[in-house]
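# Observations on chain architecture
Given next are the chains, with one letter for each unit.
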Amino acid sequence: MNKIQTFNELHSSEEILFLGNAWDLLSALTLEKAGFKAIGTTSWGIANSLGYADGELIDFDRHLEIIKNIAQNVKVPVSADIEAGYGEDSQTIVDHVLRTADAGAAGINIEDSLKKQNGLKELSVHSDLLSRIRTALENHGYKDFYINARTDTYLQKQSPLLETIERANAYVESGASGIFVPGLMADDEIKEITMNVNAPLNVMSLPGLTNGSKLKELGVRRFSFGNALSDKIIAYLERNAVKLVEAMDTAHLYEN
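We now turn to the structure provided with this report. (Residues numbered from 1 in each chain as written. Predicted model: local features only at pLDDT ≥ 70, side-chain atom pairs only at ≥ 80, totals over all residues. Heavy atoms only, no water.)

Taken in spatial order, the 9 strands of this open sheet run β1-β9-β8-β7-β6-β5-β4-β3-β2, and their pairing is parallel. Single-partner strands in this sheet number two, and they are β1 (17-18) and β2 (20-22). Here 2 bridges tie strand β3 (residues 39-41) to strand β4 (residues 78-81), and the two strands are oriented parallel to one another. Across the sheet, G40 pairs through a bridge with S79, a residue of β4. Contacts from helix α4 (residues 60-71) reach β3 and β4, with the element oriented near 170° to β4. (Pairing = 2+ DSSP bridges. Helix = DSSP H or I, 4+ residues; strand = E, 2+ residues; numbered from the N terminus. Contact = heavy atoms within 4.5 Å. Axes fitted to C-alpha atoms, helices over the stretch in contact; angles between N-to-C directions.)

And the structure:
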């Protein structure tokens, strides 16, 4: 069984898929060693590690090298966060998805946010893009490559539930394998989406939304923590660096 097949099966197993979000090879290997069954890259974490903010500010080739390094050095499947595809036109985005598959990823996250202004892409435009991506993947031998279609309705809209369901169903009809709704938190709305969308739902950890077992009971199939771990590591590094300078003493580096 190849990694694409394995990754698909993880979304339909009895257990919720708890994805470990990595930003470089060391973090990916550490997450794999800890027992995570799949790795998802975090674009935010990758950007931070290179001194950038999130938002497609890195050259795509540079971003892809990190994805490739992770995918080729861990044994578990890797899903690549490629934001909105790093392209102004659909053909560029399709090419970037194919290159991500060639790099060894088993799937992608791709979002419907506009990158140079607030708002979401028109539903029909994004649905057409997803359909083109799916067709291109199948034509290049990547059957069942996992397209996790992220919709940013809950990050940008006041009353997003109905639009989320509408977009999710359109995206699935256009070839998406699963739906990712960051910012979704309310139990009743999570249930409503899982009952009305025929595809695995991925939610992202937030303060107050942390328990994978509870999310499984609500019908969630995939749970990830985005940049939360990389943020915590960076904050730890900053605190310790300041402590070193202020104390001019390294004793705390050797404490348990």
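With that settled, the discussion passes to the environment of I67. Structurally, I67 can be placed in helix α4. I67 sits in the buried class, given a relative accessible area of 0%. In this structure, the C-alpha to C-alpha distance between I67 and A80, residues 13 residues apart in sequence, is 6.6 Å. When sequence neighbours within four positions are dropped, the list of residues in contact with I67 reads T41, A80, I82 and T100. (Buried < 20%, exposed > 50% of the residue type's maximum accessible area, 1.4 Å probe, protein only.)

In regular strands, side chains alternate between the two faces of the sheet. Counting buried residues along strand β6 (residues 146-150), 5 of its 5 residues qualify, which places the element largely inside the surrounding structure. Residues Y146, N148 and R150 line one face of β6 and the alternating positions I147 and A149 line the opposite face, and both faces are buried. Across 5 bridges, the pairing between strand β5 (residues 107-111) and β6 is parallel. Looking across to β6, one finds that I108 is bridged to I147. With respect to chirality, the unit in which β5 leads through helix α6 (residues 123-139) into the neighbouring parallel β6 is right-handed. With 3 bridges connecting them, β6 and strand β7 (residues 178-180) associate as parallel partners. Counted as the bridge partner of N148 is G178 from β7. (Right-handed = clockwise from strand over helix to strand, strands pointing away.)

Let us now look at the pattern of salt bridges. Going through the model one piece at a time under the given rule, you end up with 13 salt bridges. One salt bridge in this structure joins K216 and E15, with 3.7 Å as the shortest N-O distance. Here K216, found in helix α10 (residues 212-217), pairs with E15, found in the loop between α1 (3-10) and β1; they are 201 residues apart in sequence, far enough to count as distant. Relative accessible area serves as the criterion here: at 33%, K216 is assigned to the partly exposed category. Take E15: its relative accessible area is 48%, and that puts it in the partly exposed class. Between D187 and K214 there is a salt bridge, and its shortest N-O distance comes to 3.3 Å. With a gap of 27 residues between them, D187 in helix α9 (residues 187-196) and K214 in helix α10 connect regions that are remote in the sequence. Since its relative accessible area comes to 33%, D187 is described here as partly exposed. (Salt bridge = Lys/Arg side-chain N within 4 Å of Asp/Glu carboxyl O.)

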